[in-house]
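Single-letter residue listing:
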Amino acid sequence: MIGIAFFAVLGSTLVWKICKLRRDRSNVPLRQVTWCLAFAAASYLLTNPGGATGFDMVAGRGTAKVWQNILLMVALHFLMRFYLYSASDRSVARRRAYWEGFAVAAAVAVVAALGASAPSGAFVGSYASYDMSVPQVAGFYLVAGLYMCYSLTAGCWWTCRYARGSERPLSTGLWLAASGLFGMALACAVRAVFVIVRSQGHAVSHPLTIGAVLLLVGSTPLFVIGVSYPGGRVRVAAVGVWLQHRRTYHQLEPLWALLTGVYPQMVLPSVSKTWRDGLLARSVHRRYHRRLMECRDGLVRISPHLGRQEDGTGDLSSSAALAQHLRAAAEAVRQGASAPSRAIALAVPHDESRAADVQQLVAVSLALRNIRPDDVVGA
């Protein structure tokens, strides 16, 4: 269950980065982190029994373990490239990325050669059961582990540097990611020591092996959560705004229907093309702001018919009273009555904030919804 949740977070983060990259194809750091997540997701698929078994059936027994480590090494390489392009001048970053690419290519070549030359079935099973006295197996895990330790340590250093100069929520996500990177680097270093010990014919106690595995397993989701946290928090806040705008849009329906029924020409043209547009965040926000403008425009147009109430023959201070007079004024306009007064301000907010303005409009609209026909006063 934890593995499914982790892959869901990793997959959703990858999709989110791909969508951002499609809108900003020239963003080199974003491209690097997208590739990092893509290779990490591919590597994680091969850690699952189903994915590893299927891959072994096609490519040969134990091949999944070799490719899992290669994909993870490449993912960490792109993580380093992300920091290089984020913190350095483009020309400097390109030169450094060239040497880093040469380093990962050499490490991958050595790991692939060792995996290919290992005896059949050498990588079948789990890490704890592998025979490290076989030179190819020991060399495979030692080279892969040392490269991962190097790249993770560098990534942790860069992440801590960025976290110290960032503000929340970005700094929170960076510190979580740095903790995950540190834990993974430490686990790789410990496992490299275990490889050396086991290659010499010595045994490593089971609790130590389990401890290293738990450190690695716990640090990986922590890193992914840290990377996803800032964007996830922004998305959660965006969903809250979307829900609020959608709710307010429907709450303004009675006021909007009354005013547009009297002044249909003030309705702004709609740009929605399909039913999907009604579910998109941009469409909801656009319709919300358009309805606010239409309600305000309608109140300005109908206000001359309520001017005499402001002069003392009626009360316009409360939302309920204003709603009653709006009903009567709308009926008078439909019957062709001319405006008996000048335009006045209606539903005036307590302050100049947008939230106070929306609150006043919603209050009048909800009051309109609760009015019965016999409650309407004369205009």
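Residues numbered from 1 in each chain as written. Predicted model: local features only at pLDDT ≥ 70, side-chain atom pairs only at ≥ 80, totals over all residues. Heavy atoms only, no water.

## Here we look at the overall build of the chain
Then, in step 1: When you go through the chain residue by residue, the secondary structure sums to 13 helices and 0 strands.
Then, in step 2: Written out in order from the N terminus, the α and β elements of the chain read α-α-α-α-α-α-α-α-α-α-α-α-α.
Then, in step 3: Pairs at least 24 apart in sequence give 73% of the contacts found in the chain among residues at least 6 apart.
Then, in step 4: As presented, the chain carries roughly 20300 Å² of accessible surface, and 63% of it is formed by carbon and sulfur atoms. (Helix = DSSP H or I, 4+ residues; strand = E, 2+ residues; numbered from the N terminus. Contact = heavy atoms within 4.5 Å. Areas by Shrake-Rupley, 256 points an atom, 1.4 Å probe, with all protein chains shown as cover.)

## A few points about the environment of Met-266
Then, in step 1: Relative to the elements of secondary structure, Met-266 occurs in the loop between α9 (253-262) and α10 (281-302).
Then, in step 2: If sequence neighbours within four positions are ignored, Met-266 has contacts with Leu-259, Thr-260, Glu-294, Asp-297, Gly-298 and Arg-301.

## Regarding the side chain of His-245
Then, in step 1: Position of His-245 among the secondary structure elements: in helix α8 (residues 206-251).
Then, in step 2: For His-245, a relative accessible area of 11% corresponds to the buried category.
Then, in step 3: Each residue touching His-245, except ones within four places of it in the same chain, is listed here: Val-284, His-285, Tyr-288 and His-289. (Buried < 20%, exposed > 50% of the residue type's maximum accessible area, 1.4 Å probe, protein only.)

## A closer look at the side chain of Gln-32
Then, in step 1: Within the secondary structure, Gln-32 is located in helix α2 (residues 28-45).
Then, in step 2: For Gln-32, a relative accessible area of 4% gives the class buried.
Then, in step 3: Excluding residues within four positions of it along the chain, Gln-32 makes contact with Phe-78, Arg-81, Phe-82 and Tyr-85.

## Remarks on the pattern of salt bridges
Then, in step 1: With the rule as written, the count across this model stands at 6 salt bridges.
Then, in step 2: Salt-bridge contacts for Glu-100 lead to Arg-96; the nearest nitrogen and oxygen are separated by 3.2 Å. Linking Glu-100 with Arg-96, this pair stays in helix α5 (residues 90-117), spanning 4 residues, or about one helical turn.
Then, in step 3: For Arg-291, the salt bridge goes to Glu-253, with nearest N and O atoms at 2.8 Å. On the criterion of sequence distance, the pair formed by Arg-291 in helix α10 and Glu-253 in helix α9 is long-range, its members being 38 residues apart.
Then, in step 4: Of the residues examined, Glu-253 reaches a relative accessible area of 32% and is grouped as partly exposed. (Salt bridge = Lys/Arg side-chain N within 4 Å of Asp/Glu carboxyl O.)

## Brief notes about the packing of α5 against helix α6 (residues 135-164)
Think of two packed helices as two axes; the pair is described by the angle between the axes and how far apart they sit.
Then, in step 1: Between α5 and α6, the shortest axis-to-axis distance is 8 Å and the interhelical angle comes to 160°. In terms of axis orientation, α5 runs roughly antiparallel to α6. In the crossing of α5 with α6, the sense of the turn from one axis to the other is left-handed. Taking contact as the criterion, the partners of Arg-96, Glu-100, Ala-103, Val-104, Ala-107, Val-110, Val-111, Leu-114, Gly-115 and Ser-117 in α5 are, on α6, Gln-136, Gly-139, Phe-140, Val-143, Ala-144, Tyr-147 and Tyr-150.
Then, in step 2: Of the residues assigned to the contact of α5 with α6, the class counts are 11 nonpolar, 4 polar and 2 charged. (Axes fitted to C-alpha atoms, helices over the stretch in contact; angles between N-to-C directions. Parallel < 35°, antiparallel > 145°, perpendicular 65-115°, else oblique. Left-handed = near helix turned anticlockwise from the far one by under 90°. Nonpolar A, V, L, I, M, F, W, Y, C, P; charged D, E, K, R; others polar.)

## A closer look at the nonpolar core
As a rule of thumb, soluble globular proteins bury nonpolar side chains together.
Then, in step 1: Of all hydrophobic cores here, the largest spans 50 residues; its most connected members are Met-73, Phe-123, Val-137, Tyr-141, Leu-152 and Leu-181.
Then, in step 2: Those elements that place two or more of their residues in this core are α1 (2-23), α2, α4 (63-87), α5, α6, α7 (170-199) and α8.
Then, in step 3: It is α6 that provides the largest number of residues to this core, a total of 12 residues.
Then, in step 4: Apart from residues lying up to four places away in sequence, Tyr-141 is in contact with Lys-65, Phe-123, Tyr-127, Tyr-130, Met-132, Arg-191 and Val-195. (Core = buried A, V, L, I, M, F, W, Y, C linked by side-chain atoms within 4.5 Å.)

## Observations regarding the packing of α2 against α4
Then, in step 1: Across the interface, α2 lies against α4 with an axial gap of 8 Å and an inter-helix angle of 165°. As the angle between them shows, α2 and α4 are arranged roughly antiparallel. Relative to α4, the crossing made by α2 is left-handed. Residues Val-28, Pro-29, Gln-32, Val-33, Trp-35, Cys-36, Phe-39, Ala-40, Ala-42 and Ser-43 of α2 form the contact with α4, whose participating residues are Gln-68, Leu-71, Leu-72, Val-74, Ala-75, Phe-78, Leu-79, Arg-81, Phe-82, Tyr-85 and Ser-86.
Then, in step 2: Partitioning the contact of α2 with α4 into residue classes produces 16 nonpolar, 4 polar and 1 charged.

## Here we look at the environment of Ile-344
Then, in step 1: Along the chain, Ile-344 turns up in the loop between α12 (319-334) and α13 (354-370).
Then, in step 2: Residues Ile-344 and Ser-303, 41 residues apart in the sequence, show an inter-C-alpha distance of 5.5 Å.

## A look at α5
Then, in step 1: In a regular helix each residue adds 1.5 Å, so 28 residues correspond to 40 Å; α5 covers 40 Å between its end C-alpha atoms and thus fits that length.
Then, in step 2: The complete set of buried residues in α5 reads Ala-93, Ala-97, Glu-100, Val-104, Ala-107, Val-108, Val-111, Leu-114 and Gly-115.
Then, in step 3: Where α5 is buried, its residues touch α4 and α6. (Expected span 1.5 Å × (residues − 1).)

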